[in-house]
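One letter stands for each residue in the lines below.
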Amino acid sequence: MNILLTGAGGQIGADLVSALVAEGHRVVATDLRPQPERPGATWKQLDVTHAGDVDAIIHDVRPDVVYHLAAILSASGERNPTLAYEVNQTGTWHLLEACRRHAVPRFIYTSSIAVYGPGLPDPCPDDVPLHPTTMYGVTKASGEMLCEYYAKKHGLDCRGVRFPGLISASLPGGGSTDYALFMYVDGIRRGGYESFARADTRVPLMYMPDGVRALLELAAAPRERLARTIYNIAAFSPRADEIAASVARAVPGVTITYAPDPLRQSILDSWPRALDDRNARADWGWRPRYTLDAMTDDLVPKIRALLAGGANLAH
Ligand code: NAD
Ligand code: AKB
């Protein structure tokens, strides 16, 4: 199949592009900045806020599936809400319009736990009132609704997941859940980390291999099995100090301290502590594979190898 990704140079794209290439697809990976060529993927520059450029690339590539990843994440989005609105809201609309105009068969949307606000059931189901507290969450909720609109009105096969915070051996892009990865990275390279989230912070998290597999499985699911457009998916919901204990088990002697950052802590406190993903499990067979400790066992050697090879994982 012909696949096009937006925002492919980010944390998810780093793993999703190679997974799609490994499945044998022709992959056009786009981002603001061109990236080094990888076998099987063609990199092109694309700013999703430019409607004409979005239309032209969809016209040229004629993708069977678009994975729309480009976004400004929660913490960066609160520092620059105008940019978050332009990229997340207007950019998503440009993609959906181009897909409609050029009859793209399938559109994969990456939503977030950031669509939720405070005071919801624990674990939180798919269908509850959405009152996000960040511009990122507002635009992600709106993107979900745009996907439903284009599906109903124009027959565009839109599908998406609400991701928990994702953890992987690559630099995250300015989210509020980044403290979790930094515990591993700074724990290994410096012997310690001062967490910007309180010790008792508990939000849904997921290891990237599960996140990438969720996108591939949702994209491949038969349409008639899908009763919804957007699905919660869940893996584990540890407290920050439980992540620290898991890191310490694999990196002996590590010291994690806590100095909450008011902006990111208030965002984290507004999100659900755990997600109810029973619809994804029932409709397309979603199951996470990694627990917190299984992630730690897989991730620590990968981060060690990257740091030994000189990778820049500094934040
Ligand atoms: P990221 O910040 O690492 O990557 C986003 C990419 O978008 C970056 O490479 C950036 O250069 C690109 N981008 C920014 N502005 C752009 C523009 N105007 N045009 C084109 N590209 C632009 O984010 P990620 O973690 O890879 O997330 C990918 C998607 O998954 C996002 O939509 C995000 O909301 C969603 N998501 C991520 C997480 C997570 O924890 N990583 C959780 C929930 C949802
Ligand atoms: C963020 O913290 O902004 C992201 C997300 C949960 O969407 N990791």
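Only a predicted model underlies this, so the values are computations on that prediction, with no experimental measurement involved. (Residues numbered from 1 in each chain as written. Chains lettered and ligands numbered in written order. Predicted model: local features only at pLDDT ≥ 70, side-chain atom pairs only at ≥ 80, totals over all residues. Heavy atoms only, no water.)

*Asks:* For this particular structure, what's the right way to read the overall build of the chain?
*Replies:* When helices and strands are tallied, the chain shows eleven helices and eleven strands. Here the C-alpha radius of gyration of the chain, 19 Å, is about what a compact globule of 315 residues would show, namely 20 Å. Across its three principal axes, the chain shows a C-alpha extent of roughly 55 × 45 × 40 Å. Buried residues in the chain amount to 54% of all 315 residues. Sequence separation of 24 or more characterises 78% of the internal contacts of the chain that already satisfy a separation of 6 or more. Accessible surface, the chain: about 12,700 Å² in total, of which carbon and sulfur atoms supply 53%. (Helix = DSSP H or I, 4+ residues; strand = E, 2+ residues; numbered from the N terminus. Rg over C-alpha atoms; globule rule 2.2 N^0.38 Å. Buried < 20%, exposed > 50% of the residue type's maximum accessible area, 1.4 Å probe, protein only. Contact = heavy atoms within 4.5 Å. Areas by Shrake-Rupley, 256 points an atom, 1.4 Å probe, with all protein chains shown as cover.)

*Asks:* It is not clear to me how the side chain of Asn 2 should be interpreted in this structure. Could you clarify?
*Replies:* Examined against the element boundaries, Asn 2 turns out to sit in strand S1 (residues 2-6). Side chain to side chain, Asn 2 and Arg 26 meet in a polar contact 2.8 Å long. Each residue touching Asn 2, except ones within four places of it in the same chain, is listed here: Arg 26, Val 61, Arg 62, Pro 63, Asp 64 and Val 65. (Polar contact = N/O pair within 3.5 Å; in protein donor to acceptor, adjacent residues only side chain to side chain.)

*Asks:* Help me understand unusual backbone geometry, please; the structure alone is not making it clear to me.
*Replies:* In most cases, non-glycine residues show a negative phi, while peptide bonds are predominantly trans. Cis peptide bonds are those with omega within 30 degrees of zero, and the linkage from Asp 122 to Pro 123 qualifies with 5°. Within the fold, Pro 123 resides in the loop between strand S5 (106-112) and helix H5 (135-154). Of note in the backbone geometry, Arg 62 takes a positive phi value of approximately 50° without being a glycine. Take Arg 62: it is sitting in the loop between helix H2 (51-61) and strand S4 (65-68).

*Asks:* It is not clear to me how the packing of aromatic side chains should be interpreted in this structure. Could you clarify?
*Replies:* Geometry of an aromatic ring pair is reported as the spacing of the ring centres plus the angle between the planes. One pass over the full model with this rule turns up six aromatic pairs. Ring plane angle 85° and centroid distance 5.7 Å describe the contact between Tyr 179 and Phe 196, whose orientation is recorded as edge-to-face. Here Phe 196 lies in the loop between strand S8 (192-195) and strand S9 (205-207) and Tyr 179 lies in helix H6 (residues 178-190), a separation of 17 residues in the sequence. Here Tyr 179 and Phe 196 have matching classes, each one buried. The interplanar angle of 80° and the centroid separation of 4.8 Å between the aromatic rings of Tyr 207 and Tyr 290 together place this pair among those described as edge-to-face. Remark: Tyr 290 occurs in the loop between helix H10 (278-284) and helix H11 (292-308) and Tyr 207 occurs in strand S9; sequence separation between them is 83 residues. Directly above the aromatic system of Phe 196 lies the positively charged group of Arg 264, at a separation of 3.7 Å from the ring centroid. (Phe/Tyr/Trp six-rings, centres within 6.5 Å; stacked < 30°, edge-to-face > 60°. Lys NZ or Arg CZ within 6 Å of the ring centre and 35° of its normal.)

*Asks:* Explanation requested: H11 in the structure shown.
*Replies:* One turn of an α-helix holds 3.6 residues; hence residues three or four places apart share an orientation. For H11, spanning 17 residues, the distance from its first C-alpha to its last is 24 Å, which sits close to the expected 24 Å at 1.5 Å a residue. Maximum bend of H11: about 25°, positioned at Leu 299, with proline Pro 301 one to four residues after it. Of the surrounding elements, those touching the buried residues of H11 are strand S7 (165-167), H6, S9 and helix H8 (240-250). Directly after H11, the chain includes Gly 310, whose backbone phi takes a positive value near 90°. (Expected span 1.5 Å × (residues − 1). Bend = angle between axes of the 7 residues up to and from the residue.)

*Asks:* I'm lost on the layout of surface pockets in this one. Help?
*Replies:* Summary: where empty space remains is shown by rolling a probe the size of a single water molecule over the atoms. Estimates place the volume of the largest pocket at around 960 Å³. What lines the largest pocket is a set of 40 residues, among which Gly 10, Leu 69, Ala 71, Leu 73 and Gly 173 lie closest to the centre. Looking at the lining of the largest pocket, the elements with two or more residues in it are helix H1 (11-22), helix H4 (81-101), S5, H5 and S7. Here the lining of the largest pocket is composed, by residue class, of 19 nonpolar, 16 polar and five charged. Counting the residues that make up the lining of the largest pocket, at least three belong to each of domain 1 (2-164 + 207-232) and domain 2 (167-203 + 236-270 + 290-308). (1 Å grid on protein atoms, 1.4 Å probe; cavity = no way out; pocket = protein on both sides within 12 Å on 5 of 7 lines; lining within 4 Å. Points joined across faces, edges and corners; volume = space filled by probe spheres on them. Nonpolar A, V, L, I, M, F, W, Y, C, P; charged D, E, K, R; others polar. Domains from an automatic or database assignment.)

*Asks:* Just checking my understanding: could you explain the pattern of salt bridges for this structure?
*Replies:* Should their charged atoms come close, side chains of opposite charge can pair. Taken as a whole, this structure holds 23 salt bridges when the rule is applied. Across the pair Glu 97 and Arg 100 runs a salt bridge, and its minimum N-O distance is 2.9 Å. On the criterion of helical spacing, the pair formed by Glu 97 and Arg 100 is a turn pair, its members being three residues apart in helix H4. Relative accessible area serves as the criterion here: at 15%, Glu 97 is assigned to the buried category. (Salt bridge = Lys/Arg side-chain N within 4 Å of Asp/Glu carboxyl O.)

*Asks:* I keep staring at helix H7 (residues 208-220) and nothing clicks. Help me out?
*Replies:* Taking 1.5 Å per residue as the helical rise, H7 with its 13 residues ought to reach 18 Å, and the 18 Å between its terminal C-alpha atoms agrees with that figure. Looking only at H7, the buried set comprises Met 208, Asp 210, Gly 211, Val 212, Arg 213, Ala 214, Leu 215, Leu 216, Leu 218 and Ala 219.

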